[in-house]
Amino acid sequence: MAKAQLAILPAGEGRRSERRIVNMAARLREAGTSMIDVEVQNLSTEGFMAEGDLSLEPDSQVWIKLEGLEPQSCRVVWAEDGKAGFEFANPLHPATLELIVAVARKPLPRGHFGARPQAAPR
């Protein structure tokens, strides 16, 4: 059986690199504020898009904490309706992106999305 693959969105629409659909939990902090929980929707070596209880202004600096990485400094590129796009101050290495994607990959729920139910033990 083939392993599930996360969707890859090609570069385009003004983006410099392809994005990976990840839907993973992260923590975000603006200078002088406390951490908030966000859901990273997509991720690339250059940046990411997150959703949550966000009220950010474009060009503001924030820190994102992704599982398995030190906090990363980034700039808000756009923000609207609880979603925002961010650019990393220091782009991620492609191998680091692959590691994050591998950690974010979750097994398919049994009986959904083409996953085959396991046979009952005899």
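The structure contained in this document is the topic of the report that follows.

Quick notes on the rules
Residues numbered from 1 in each chain as written. Predicted model: local features only at pLDDT ≥ 70, side-chain atom pairs only at ≥ 80, totals over all residues. Heavy atoms only, no water. Buried < 20%, exposed > 50% of the residue type's maximum accessible area, 1.4 Å probe, protein only. Helix = DSSP H or I, 4+ residues; strand = E, 2+ residues; numbered from the N terminus. Arc of directions from axis to C-beta. Contact = heavy atoms within 4.5 Å. Salt bridge = Lys/Arg side-chain N within 4 Å of Asp/Glu carboxyl O. Phe/Tyr/Trp six-rings, centres within 6.5 Å; stacked < 30°, edge-to-face > 60°. Pairing = 2+ DSSP bridges.

1. Re helix H1 (residues 94–104)
For step 1, the next point in the chain: Along H1, the residues classified as buried are Leu97, Ile100, Val101 and Ala104. Down the axis of H1, the smallest arc covering the buried residues is 100°, so these residues share one side.
For step 2, the next point in the chain: Residues of H1 that are buried sit in contact with strand E2 (19–30) and strand E3 (36–43).

2. Observations concerning the pattern of salt bridges
For step 1, the next point in the chain: For the structure shown, the criterion picks out four salt bridges.
For step 2, the next point in the chain: Put simply, Asp37 and Arg27 hold a salt bridge, and the shortest N to O gap is 3.0 Å. A residue pair is termed long-range when its members are at least 10 positions apart, and Asp37 in strand E3 and Arg27 in strand E2 qualify at 10 residues.
For step 3, the next point in the chain: Among the residues examined, Arg27 registers a relative accessible area of 37% and is labelled partly exposed.
For step 4, the next point in the chain: Measuring nitrogen to oxygen at the nearest pair gives 2.7 Å for the salt bridge that ties Asp59 to Arg75. Taken together, the residues Asp59 in the loop between strand E4 (47–52) and strand E5 (61–65) and Arg75 in strand E6 (residues 72–80) connect sequence positions 16 residues apart.

3. Section: the packing of aromatic side chains
For step 1, the next point in the chain: Across all of its chains, the model carries two aromatic pairs by this definition.
For step 2, the next point in the chain: When the centroid spacing of 4.5 Å and the interplanar angle of 15° are considered together, the rings of Phe48 and Phe86 count as stacked. Taken together, the residues span a long stretch of sequence, with Phe48 in strand E4 and Phe86 in strand E7 (residues 83–88) at a distance of 38 residues. Considered together, Phe48 and Phe86 belong to a single accessibility category, that of buried residues.
For step 3, the next point in the chain: Ring geometry for Phe48 versus Phe88: centroids 5.4 Å apart, planes at 40°, classification tilted. Here Phe88 lies in strand E7 and Phe48 lies in strand E4, a separation of 40 residues in the sequence. Summarising the burial analysis for this pair, Phe48 and Phe88 share the class buried.
For step 4, the next point in the chain: Put simply, the rings of Phe48, Phe86 and Phe88 pair up and form one aromatic cluster.

4. Focus on the pairing of E6
For step 1, the next point in the chain: Pairing between E5 and E6: four bridges, direction antiparallel. Paired with Trp63 across the two strands is Ser73, which belongs to E6.
For step 2, the next point in the chain: Where E5 folds back onto E6 in an antiparallel hairpin, the turn is made up of six residues, including Gly68, whose phi is positive at roughly 90°.
For step 3, the next point in the chain: In sequence, E6 turns back onto E7 through a hairpin of two residues, with Asp81 there showing a positive phi of about 50°.

All quantities given are derived from atomic positions and should not be read as evidence of function.
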